[in-house]
Amino acid sequence: MKLSLNRTGRSVSGPVVLVIMDGVGLYKGRAEGYPGNAVDLAGAPFLKDQLQHAPIRLQLKAHGTAVGMPSDEDMGNSEVGHNALGAGRIFDQGAKLVAGAIASGQLFTGSAWMDLVGSRENPGAAVKGATLHFIGLLSDGNVHSHIDHLIAMLRKAHEAGVRQVRLHILLDGRDVDETSALLYVDKLEAVLKELDATGKNYRIASGGGRMKVTMDRYEADWSMVELGWKTHVAGEGRQFASAKEAIETFRNEIPGVTDQDLPAFVIGESGAPVGQIKDGDAVIFFNFRGDRAIEISRAFVESDFNVFERHPKVSVKYAGMMQYDGDLKMPPVFLVDPPAIDETLTEYLVAAGVKQYALSETQKFGHVTYFWNGNNSAKISEALETWEEIPSDVISFDRKPRMKADEIGAALVKAIESGEYGFLRVNFANGDMVGHTGILDAAVAAVEAVDQNLPRILEAVNKKGGILLVTADHGNCEQMYEVNKKTGEPLKNDKGGFASKTSHTLNPVPFLVLGNVDGLEASGVAGAGLANVAATVMTLLGFEPPAGYLPSVLRWK
Ligand code: 3PG
Ligand code: CO
C-alpha cells in the first residue's frame, strides 16, 4: 500500500532538525550530592541553560516498556531508542521476542533450530553428530543478548541428544558491571557441568572482551572480526585451561582492565585448542541485536566474503538469533523473527516528498540510518535521502572524548544552510561512547564537546526560521557511578573510590524545542516517550500523523 500523509495547513517555515545526544539522559536519582553526573559536572552552558529555560522543554521515557523492552527494569539502548524514534510506535523488541519464543517453545520448533539442532524425534545436524557452537555476548545486559537465552538453548540441545557443544563467549562489562564477567562464566560453567559431568563435551572453547574481538559494528574496525575468526574458528591464540583462568590471568597482567577490553583467549588441552569450528559444524550466534552481529555473520555466510582472509575457510550451518538486517537478509537463517517495523517516518516523509538528511560518525552512523529505519540498511529513496558518515577514529574514546563532534557540527550546519532539506537528523556519539568507558572526566569532556556544537546549530536553524529539537536515545553519561538502588547512595569500589558505571541507565531524556516556536505549545500527552517523536516531527512539518502513530508532544495553538 502506498503511504500518504494529509496536510494540516500549519507548519514551521524552515527545516526541522533533530539532534540526538546519544547517551545523555536526565539523572533521576537522589541528585543532591551525587558525584557521578557528567552533564551536571560539565561546563555546558548552552545545554544547561536550555534545560532550564528552553521555550518548550519536556522529558521523554527512553527505557523499558516505552521502547519495547520486556520490563521497566530494562534500561534503554540505541537500537530500541532509534527504532522508536524512527517508527513512531512501540514494537516488541528482540529481548522480548526471544524471551517469548523460548517461553512458548516456538524457537525450538522453528525450521532453523530443527535444521541445526533438531530433536530426538527429528534429528538435525547436531543431534546427528555435528558439533554445535554458540558464539555471543555472555551477560544479562539484555541489550545484545541474555545469558538465560543461551542456557535455555543449551538445555534444549542436551534434551535433544546433542553430544558436542562448544561455546565462544564474548565478555561484556559494558551493558553490565564493568568487571562482572566471572559471575556469568561461573553460572555458565555450573550449567555445563550439570549437563555434562565429564567436562569434555559441553565446554567453553574461546572468548575475549567484546570491544577487542568479534563484535565490531558499522565496519569501524574489521580487524576485531578477523581476530574473532582466528580465535573462535581457527583456535589460534593464547591458551588457557579455562575461561576463569584466562580472565584472572589477564586481570593480573593488565591492572585496571575492564571486561569489555579483555584480550582474546583460547581454551586448550595439551597445547591443542578444544573447540575449533570445522566444516559441517552448526553455529548459533546468540545475540539478538544486529549492529555488532552483522560483520561476523557475513564472514560465516557470504561465499564471496573478501574483507579478510578466512583461515580456515569453513562451511558450516550458521544461524543468527534473529535476522539482523532485513535488506541484506543477513543472516539468511535465524531462530526468531525480528520485529516487523514498517511504515517508518522516513517512508512517510519520502511519500510526501520531503528531503531528508542523516548524519553521524561511524560508531553511530547505523543508528541514525539502519536503526532509525527499522533495522533496514537501504534508503527508501536515493533522490530524497542524503546520508553522511564522518569516519570515527579507531581508539578508546576516553582518550579523545571530543570524537568527531566538531566535524559533525560543521557538516550539519552546512546541510542546514544548503536549504535543501526539510528534515535533518544527527547523532552525537560522545555522551554514550565515552560514557561506556566508565571514566568520569572523559564523559564530562564529551558532554562539553556536544554542548559547544549546539549554539551554532541553533544559529543556522534560526537563520532558516526552523525548529531545533534536542533529545537523546537513552541515558548513560549522566550516571557514571553505580548507586545503591535502595538508598541512592553512590557505591564505592574496593579501592575506596566510587564504582564506575559503564552501562546505560533507566533515566528519561530531555526533549527541548528551540528556534521558531511561535504558535507551538506542548500538547500535554501523558507519559510520552521516544515513540512520540515521529508524530511530533510530522506535526512540525505540516502533516497529520497517521493512525497508529503515538501522538505528537507538540501542537499548533
Ligand atoms: C554497545 O553496543 O556499545 C552497547 O552495548 C550499547 O550501546 P548503544 O545502545 O548506545 O549502541
Ligand atoms: Co551505548
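The rules behind each value
- Residues numbered from 1 in each chain as written.
- Chains lettered and ligands numbered in written order.
- Predicted model: local features only at pLDDT ≥ 70, side-chain atom pairs only at ≥ 80, totals over all residues.
- Heavy atoms only, no water.
- UniProt positions renumbered as here; feature names shortened; annotations may be inferred.
- Donors = N, O, S within 2.8 Å, 3.2 Å for Na, K, Ca; no water.
- Tetrahedral: all angles 85-135°; square planar, octahedral: opposite > 155°, others 65-115°.
- Buried < 20%, exposed > 50% of the residue type's maximum accessible area, 1.4 Å probe, protein only.
- Helix = DSSP H or I, 4+ residues; strand = E, 2+ residues; numbered from the N terminus.
- Pairing = 2+ DSSP bridges.
- Right-handed = clockwise from strand over helix to strand, strands pointing away.
- Contact = heavy atoms within 4.5 Å.
- Salt bridge = Lys/Arg side-chain N within 4 Å of Asp/Glu carboxyl O.
- Phe/Tyr/Trp six-rings, centres within 6.5 Å; stacked < 30°, edge-to-face > 60°.
- Lys NZ or Arg CZ within 6 Å of the ring centre and 35° of its normal.

Going by what an unreviewed UniProt entry lists, the chain is known as 2,3-bisphosphoglycerate-independent phosphoglycerate mutase and is assigned to Leptonema illini DSM 21528. UniProt, in its Function (unreviewed entry) section for the chain, records the words "Catalyzes the interconversion of 2-phosphoglycerate and 3-phosphoglycerate."

Colleague: Tell me about the coordination of the cobalt ion (ligand 2), and name the residues and values.
Modeller: Only Asp432 (OD), Asp432 (OD), His436 (NE2) and His504 (NE2) from the protein reach the cobalt ion (ligand 2) as donors, at distances of 2.0 to 2.3 Å. For the cobalt ion (ligand 2), the 6 donor atoms in the first shell make angles of 59 to 170° at the metal, a pattern classed as irregular.

Colleague: Would you mind going over the pairing of strand E10 (residues 317-322) in detail, with residue names and values included?
Modeller: Across the 6 residues of E10, 5 count as buried, placing the element largely inside the fold. Judged from the 4 bridges that link them, strand E9 (residues 282-285) and E10 form a sheet pairing that is parallel. Residue Phe285 lies in a different strand from E10, and its bridge partner there is Gly320. Between the parallel pair E9 and E10, the chain is carried across by helix H10 (residues 294-301), and the sense of this crossover is right-handed. Pairing between E10 and strand E11 (residues 334-336): 2 bridges, direction parallel. From the neighbouring strand, Met322 faces E11, where its bridge partner is Val336.

Colleague: Outline the pairing of strand E4 (residues 165-171), listing residues and values.
Modeller: With 7 of 7 residues buried, E4 lies mostly within the body of the structure. The two faces of E4 match: Val165, Leu167, Ile169 and Leu171 on one face and Arg166, His168 and Leu170 on the other face are all buried. Direction of pairing for strand E3 (residues 132-138) relative to E4: parallel, over a ladder of 7 bridges. Paired with Leu137 across the two strands is Leu170, which belongs to E4. Note that the unit made of E3, helix H6 (residues 147-160) and E4 has a crossover that is right-handed. Bridge count between E4 and strand E5 (residues 202-209): 7 bridges; the pairing is parallel. Directly across from Leu171, in E5, lies its bridge partner Gly209. Note on the crossover from E4 through helix H7 (residues 181-195) to E5: the handedness is right-handed.

Colleague: Tell me about the side chain of Thr346, residues and numbers included.
Modeller: Here Thr346 shows up in helix H11 (residues 345-351). Residue classification places Thr346 among the buried residues on the basis of a relative accessible area of 0%. In this structure, Thr346 is in contact with Gln356, Trp372, Asn373, Ile380, Glu385 and Arg425, ignoring residues within four places of it in sequence.

Colleague: Lay out the pattern of salt bridges in plain terms, naming residues and giving numbers.
Modeller: For the structure shown, the criterion picks out 26 salt bridges. With a shortest N-O distance of 3.3 Å, Lys96 and Asp92 are connected by a salt bridge. Taking the shortest distance from any N to any O, the salt bridge between Asp432 and Lys364 comes out at 2.7 Å. Taken as a pair, Asp432 in helix H14 (residues 430-435) and Lys364 in helix H12 (residues 362-371) lie far apart in primary sequence, 68 residues in all.

Colleague: Account for the packing of aromatic side chains, with residues named and values stated.
Modeller: The final tally for this structure, using the stated rule, is 16 aromatic pairs. When the ring of Trp229 is compared with that of Phe300, the centres are 4.7 Å apart and the planes differ by 45°; the resulting orientation is tilted. Residue Trp229 is found in helix H8 (residues 223-234), and its partner Phe300 is found in helix H10; the two are separated by 71 residues along the sequence. Accessibility expressed as a relative area gives 7% for Phe300, which makes it buried. An aromatic cluster is built from Trp222, Trp229, Phe300, Phe305, Phe308 and Tyr318, whose rings are joined through pairwise contacts. One cation-aromatic arrangement involves Arg310 over Trp229; the distance from NZ or CZ to the ring centre is 6.0 Å. Directly above the aromatic system of Trp387 lies the positively charged group of Lys379, at a separation of 5.4 Å from the ring centroid.

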